[in-house]
Structure formats: structure tokens, C-alpha cells
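Coordinates in review
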Amino acid sequence: MNSLENPGFDPKEVNKLRSSLEASGKTYYLVPEAENSDEYVNFYFIGMYEGREVIYDAALYTLRLHHASEVYELAEHEAAKKFSDFNGIRYEEDENGNLLPLTSEEEEIGWFITEMIMEIEEEESVKVQEFLDIDTHHDYGIGLDAALNVEHIDDAVIKKFIVEFNDDTIQLDETLYSFQSEEEDA
């Protein structure tokens, strides 16, 4: 992609974000998304790329969430092997916003996926480690995905990440981790 086609490389766009950040007193702009939580945050910040300032579109998440996502993906893959017509479970809502009941087949697949998740976690067959992935072919600036072994993604974690990323001092933990789903109290 030509950097002129990507607004995240445009100096005017970078300056607009800088002005907004200075006005807010923050080093990043939190992208308003429903998915943002204490385990996943999408934000923009300004950094250098090939000697010039660009906007980074970052997705930062906990290692626990990354692990859960990998486990779920593997469980879905196993379900696809067992159920020939499986292509995901779709939850639909009625006119009041209440979830409609699943079909008996969807329910059976759901239970199978749940059992697979428990088995995968028990066997600790999925292990993850901290990582940082840069996508220079992103539609806005440079895409950045990173998973960190922290309990929560909060303001302090984001600020520290930006400073270490921009200073090129990030030390990723190469230890492989496996997590268990947290038991909910019945």
C-alpha cells in the first residue's frame, strides 16, 4: 500500500492526533469500541517508522485473553471435524433483544466445544507467550497487535507500553504459558 493512500502516514493526520492528545493530556487515544475491556484495548498513538512520525493503531491484550482465544479456536476446529455442517454458532435475538434458543444441534455443538475447551485447558496443550506483531499494510497507520502477561490492561500498562515501544526497549517474556478458565461460583 502506498503510504500516501494511508491517512495514518499523513503528517496532517499525525498533527491532528497530536493536538487531540495534548488537549487530553494523554499519550494515546482510546478507540471507542464495545470490545474494549480490562483485558483488551484498542488505541492510537504516535511513533516513528522509517524515520518519520506515523500513527499506530494498537490492539493490546492480556496473555490470558490471547490464550482463551487460541483455545476456543482449537475447540471450534475440533467441532468442525466432528460435525460436518458446522460453520460457527450464531446467536440471534428476538425483537426485545433477548437471545433466541439454540437449535438442538447448535446446543450439542456448544456442549462439545465447552468440553473441548476444558480438555485442552486440562492437558495444557495450548501454550502462548508475549508477542508483538506489526502490520505495515494496515488501512490506518501501522497496525500493532501485542499480548502482555499482565492481569489487566489499564492506563499505566498502556503508557508503559507506548514508552517502551517508542524507545525500542520492550522486553518480551518468551516463557510459554497456559491458563485455566476461572471457575464461576455456582
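Scroll up for the structure.
To keep things clear, this report deals only with the structure shown in the data block. Note that this is a predicted model, so its numbers are computed, not measured. (Residues numbered from 1 in each chain as written. Predicted model: local features only at pLDDT ≥ 70, side-chain atom pairs only at ≥ 80, totals over all residues. Heavy atoms only, no water.)

Some thoughts on helix H1 (residues 11–24)
Going by this rule: Runs of E in the DSSP output that reach at least two residues are strands. Runs of H or I that reach at least four are helices, and both are numbered from the N terminus. Helix span is expected to be 1.5 Å times the residue number reduced by one. Any residue under 20% of the maximum accessible area for its type is buried, any over 50% is exposed, and the rest in between are partly exposed; the area is computed with a 1.4 Å probe on protein chains only. Along the arc lie the directions from the helix axis toward the C-beta atoms. Two residues qualify as a contact provided that any one of their heavy atoms is within 4.5 Å of a heavy atom in the partner residue. In the analysis that follows, any N or O atom pair within 3.5 Å is treated as a polar contact, provided that within protein one partner can donate a hydrogen and the other can accept it, and provided that, for residues neighboring in sequence, both atoms belong to side chains.
Over its 14 residues, H1 extends 20 Å from the first C-alpha to the last, a length consistent with the 20 Å expected when each residue adds 1.5 Å. What H1 keeps buried is the set Val14, Leu17 and Leu21. Projected onto a plane normal to the axis of H1, the buried residues spread over an arc of 65° and lie on a single side. More than 90 degrees from the buried face of H1, the exposed residues found are Lys12, Lys16, Glu22 and Ala23. Buried positions along H1 lie against strand S1 (29–30), strand S2 (40–49) and strand S3 (52–62). Where H1 begins, the capping side chain belongs to Asp10, and its oxygen is found 2.8 Å from the backbone nitrogen of Lys12. Within two residues after H1, Gly25 carries a phi angle of roughly 75°, on the positive side.

Quick notes on the packing of helix H2 (residues 63–82) against helix H3 (residues 104–123)
Rules: Lines fitted to C-alpha atoms define the axes, with helix axes restricted to the stretch in contact, and inter-axis angles between N-to-C directions lie between 0 and 180 degrees. In these notes the angle categories are as follows: under 35 degrees is roughly parallel, over 145 is roughly antiparallel, 65 to 115 is roughly perpendicular, and the rest is oblique. For any pair of crossing helices, the crossing counts as left-handed if the nearer helix is rotated counterclockwise from the farther one by less than a right angle, and right-handed if it is rotated clockwise.
Viewed as axis vectors pointing N to C, H2 and H3 meet at an angle of 130°, and their least axial separation amounts to 9 Å. When the axis of H2 is compared with that of H3, the two are oblique. For the element pair H2 and H3, the recorded crossing hand is right-handed. Along its contact with H2, which presents Val71, Tyr72, Leu74, Ala75, Glu76, Glu78, Ala79 and Lys82, the element H3 presents Ile109, Phe112, Ile113, Met116, Ile117, Ile120 and Glu121.

Concerning H3
For H3, which comprises 20 residues, the first-to-last C-alpha distance of 28 Å matches the rise-based estimate of 28 Å (1.5 Å per residue) to within 8%. Buried within H3 are the following residues: Ile109, Gly110, Phe112, Ile113, Met116, Ile117, Ile120 and Glu121. An end-on view of H3 places all buried positions within 165° of arc, on one side of the element. The exposed set on the far side of H3, more than 90 degrees from its buried face, consists of Ser104, Trp111, Met118, Glu122 and Glu123. Buried residues along H3 sit in contact with H2. Backbone geometry just after H3 places Glu124 at a positive phi near 50°.

A word on the pattern of salt bridges
For clarity, the cut-off: By salt bridge we mean one thing: a side-chain nitrogen of Lys or Arg within 4 Å of a carboxyl oxygen of Asp or Glu.
This model, assessed by the stated rule, comprises seven salt bridges. In this structure, Lys81 engages Glu78 in a salt bridge whose closest nitrogen and oxygen atoms are separated by 3.2 Å. Here the residue Lys81 and the residue Glu78 both occupy positions in helix H2, the gap between them amounting to three residues, near one helical turn. In this structure Glu78 comes out as partly exposed when scored by relative accessible area, which is 23%. For the salt bridge of Lys127 with Glu124, the shortest nitrogen-to-oxygen distance reads 3.6 Å. For Lys127, a relative accessible area of 39% corresponds to the partly exposed category. Under the relative-accessibility criterion, Glu124 is labelled partly exposed at 38%. Through salt bridges with shared partners, one network takes in Lys26, Asp155 and Lys159.

Overview of the sheet that holds S1
Keep this limit in mind: A strand pair is defined by DSSP finding two or more bridges across the two strands.
Taking strand neighbours across the sheet as the criterion, the five strands line up as S1-S2-S3-S5-S4 in an open arrangement whose pairing is mixed. Because the sheet does not close on itself, it has two edges, and the strands there are S1 and strand S4 (131–135). Note that S1 and S2 share two bridges and pair antiparallel. Across the sheet, the residue bridging to Tyr29 is Tyr44, located in S2. Contacts between helix H4 (residues 155–166) and the sheet are confined to S2, S3, S4 and strand S5 (142–148), with S2 contributing the most and set at about 25° to the helix.

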